[in-house]
Amino acid sequence: MTEPAKTHARPAGLPGPPPAGASALPPGTYDGSTVLVTGGGTGLGKAIAAEFARLGASLVIASRKAEHLKAAQDELAAIGCGRVMTAQCDIRDPERIAEVFDAATAASGLPDVLVNNAAANFPVPAEDMSPNAWRAVVDITLTGTWFMTREFARRHLSAGTPGSVVNIGASYAWTGGPGFAHSAAAKAGVKSLVETLAVEWGPYGIQVNGLVPGLVPHEDMTDDIRGHLDRQREKAGRQPALRVGLPREVGWAATFLASPYARFITGHTLVVDGANWQRRALVSPPVTTVREQLGRGAFGDGAG
Ligand code: NAP
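Each chain has its residues counted from 1, running along the sequence as written. Side-chain atom pairs in this predicted model are given and counted only at pLDDT of 80 or more, local residue features only at pLDDT of at least 70, and totals for whole chains, interfaces and linings cover all residues. To obtain the side-chain values, all non-hydrogen atoms of the structure were used and water was disregarded.

A closer look at unusual backbone geometry
- Its identity as a non-glycine residue notwithstanding, Leu242 has a phi of 55°, on the positive side.
- Mapped onto the elements of the fold, Leu242 is located in the loop between helix 7 (223–230) and helix 8 (247–257).
- The buried label applies to any residue whose accessible area, calculated with a 1.4 Å probe on protein chains only, is under 20% of its type's maximum; exposed applies above 50%, and partly exposed to all values in between. In this structure Leu242 comes out as partly exposed when scored by relative accessible area, which is 31%.
- In this structure, Ala275 takes a positive phi of about 70° despite not being glycine.
- In this text, helices come from DSSP runs of H or I with a minimum length of four residues, and strands from runs of E with a minimum of two, each type numbered from the N-terminal end. Checked against the element boundaries, Ala275 lands in the loop between strand 7 (269–272) and helix 9 (290–293).
- What makes Ala275 partly exposed here is its relative accessible area of 35%.

Remarks on the side chain of Glu151
- When you line up the elements, Glu151 lands in helix 4 (residues 131–159).
- Given a relative accessible area of 13%, Glu151 falls into the buried group.

Focus on the layout of surface pockets
- Grid points spaced at 1 Å and placed over the protein atoms alone form the basis of the search, with a cavity being a set where a 1.4 Å probe fits but cannot get out and a pocket an open set showing protein on both sides within 12 Å along at least five of seven lines. Lining residues have an atom within 4 Å of a point. Grid points are joined across faces, edges and corners, and a volume is the space filled by probe spheres set on the points. Size it by volume and the second largest pocket reaches roughly 340 Å³.
- In terms of lining residues, the second largest pocket is bounded by 15 residues, among which Ala47, Ala50, Arg54, Glu75 and Pro247 are the most central.
- Take the lining of the second largest pocket: its biggest share by element is 6 residues, from helix 1 (residues 43–54).
- Gly counts as polar in this scheme, as do all residues outside two lists: the nonpolar Ala, Val, Leu, Ile, Met, Phe, Trp, Tyr, Cys and Pro, and the charged Asp, Glu, Lys and Arg. The class makeup of the residues in the lining of the second largest pocket is 6 nonpolar, 2 polar and 7 charged.

Quick notes on empty space enclosed by the protein
- One pass over the structure, following the stated rule, counts 1 cavity of 30 Å³ or more.
- Its boundaries defined by the atoms lining it, the largest cavity holds a volume of some 40 Å³.
- Asn167, Gly169, Ala170, Ala173, Lys187, Val190, Lys191, Val194, Gly210, Val212 and Thr269 are the residues that line the largest cavity.
- At the level of secondary structure, the elements contributing two or more residues to the lining of the largest cavity comprise helix 6 (181–201) and strand 6 (206–213).

Some thoughts on the environment of His156
- Mapped onto the fold, His156 is located in helix 4.
- It is 30 Å that separates the C-alpha atoms of His156 and Arg135, two residues lying 21 residues apart in sequence.
- Contacts are residue-level and defined by heavy atoms, with any inter-residue pair within 4.5 Å sufficient. Beyond its immediate sequence surroundings of up to four residues, His156 is in contact with Leu110, Pro111, Asp112, Thr161, Pro162, Gly163 and Ile206.
- N or O atoms closer than or at 3.5 Å make up a polar contact, with two conditions inside protein: a donor-capable atom paired with an acceptor-capable one, and, for residues adjacent in sequence, both atoms drawn from side chains. Polar contacts involving the side chain of His156 include one to the side chain of Thr161, which spans 2.7 Å.

What about the pairing of strand 5 (residues 163–168)?
- Within strand 5, 6 of the 6 residues are buried, which leaves the element mostly enclosed by the surrounding structure.
- With burial as the criterion, each face of strand 5 is covered, one bearing Gly163, Val165 and Asn167 and the other bearing Ser164, Val166 and Ile168.
- Pairing between strands is defined by DSSP: at least two bridges between the two strands are required. Where strand 4 (residues 113–116) meets strand 5, 4 bridges bridge the pair, whose relative direction is parallel. Bridge pairing in strand 5 links Val113 to Ser164.
- Here is how to tell: hold the view so the strands point away, follow the path from the first strand over the helix to the second, and if it runs clockwise the crossover is right-handed. Regarding the hand of the β-α-β motif, the stretch spanning strand 4, helix 4 and strand 5 is right-handed.
- For strand 5 and strand 6, the ladder comprises 6 bridges, and the chain directions are parallel.

Observations regarding the side chain of Thr269
- With respect to the element layout, Thr269 can be found in strand 7.
- Once residues within four sequence positions are removed from consideration, Thr269 is found in contact with Trp174, Lys191, Val194, Gly210, Leu211 and Val212.

Points about the pairing of strand 3 (residues 84–88)
- Pairing of strand 2 (residues 58–63) with strand 3 involves 5 bridges; the strand directions are parallel. The partner of Ser63 across the bridge, within strand 3, is Gln88.
- Handedness of the crossover is the feature at issue here: the chain leaves strand 2, passes through helix 2 (residues 66–78), returns alongside strand 3, and the resulting connection is right-handed.

If you want it as structure tokens, here you go:
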């Protein structure tokens with residue numbers, strides 16, 4: 001029997017995606033639709049908004065800071081996405097959310113798709129986390145997502161129209177997230193909402209799905225998150241894919257989940273992370289505490 005040829009080539013990881021501007025969905029998939037993206041002025045929210053717009057959607061991008069929204073509007077216009085309404089909105093404020101829906105509906109119709117992408121996060125050892133830090137992250141990431149989703153659904157329920165919600169999550173919703181106790185708890189709540197609301201609102205034609213990005217660096221990352229990432233040199237080599245994700249790969253997944261081609265998918269959370277969240281080492285690495293990983297001294301040294 002001949003032995004199979006042995007290969008000693010260095011593994012190359014998962015291939016890269018098609019170029020920016022490409023799309024798996026037919027042109028015009030979102031013609032006549034309005035898509036509201038929270039946190040659409042920066043990072044992944046902006047990338048998600050761009051993919052919907054390339055497929056014909058009118059956009060509403062909503063977040064707190066006018067400068068984020070204006071910069072994204074200009075950037076989107078430069079790649080040919082002209083129909084972009086901006087709305088300053090803190091998603092913790094249900095009254096302001098209702099005003100944003102009113103304005104969006106007046107401008108381009110009740111949004112057909114809601115992408116709950118806005119979130120807050122920073123690494124901190126759990127024992128150093130202040131009550132305000134906990135509240136801020138949970139209020140934005142979980143409660144804000146719920147307030148947005150509630151407003152979207154109530155309007156569709158009273159109009160008798162279908163709709164689609166995509167909640168951007170994180171894989172520590174399943175695994176827990178050492179160093180991110182607030183965000184991991186909030187994202188677990190967001191994943192639970194996907195599963196609950198898909199069942200409650202399926203009969204009315206409202207889909208609710210989750211989408212979890214893996215490590216997807218981008219130029220708008222906050223200093224806290226960038227500082228955390230910068231502690232890990234050679235990011236690509238630490239992923240089973242041997243590369244990080246690209247923002248457009250998250251955008252493509254969002255446009256699929258909300259599209260007519262995914263109408264029977266609901267209550268599902270899709271992970272787009274090159275299998276990083278399922279890693280287990282054959283030989284366990286030594287345990288390093290979160291304090292050590294964040295370069296903090298002993299508890300009570302004043303670092304918290
Ligand atoms: P980012 O650039 O920090 O985006 C967060 C966005 O949320 C900003 O546009 C911010 O805009 C908005 N925002 C924050 N608080 C808000 C509030 N109270 N009301 C309204 N908007 C608010 O982060 P990102 O990396 O693009 O992350 C986007 C999503 O992907 C998040 O849900 C995150 O958890 C998830 N995710 C990202 C990665 C990654 O590798 N990038 C990995 C896993 C999960 P303003 O400051 O203008 O309000």
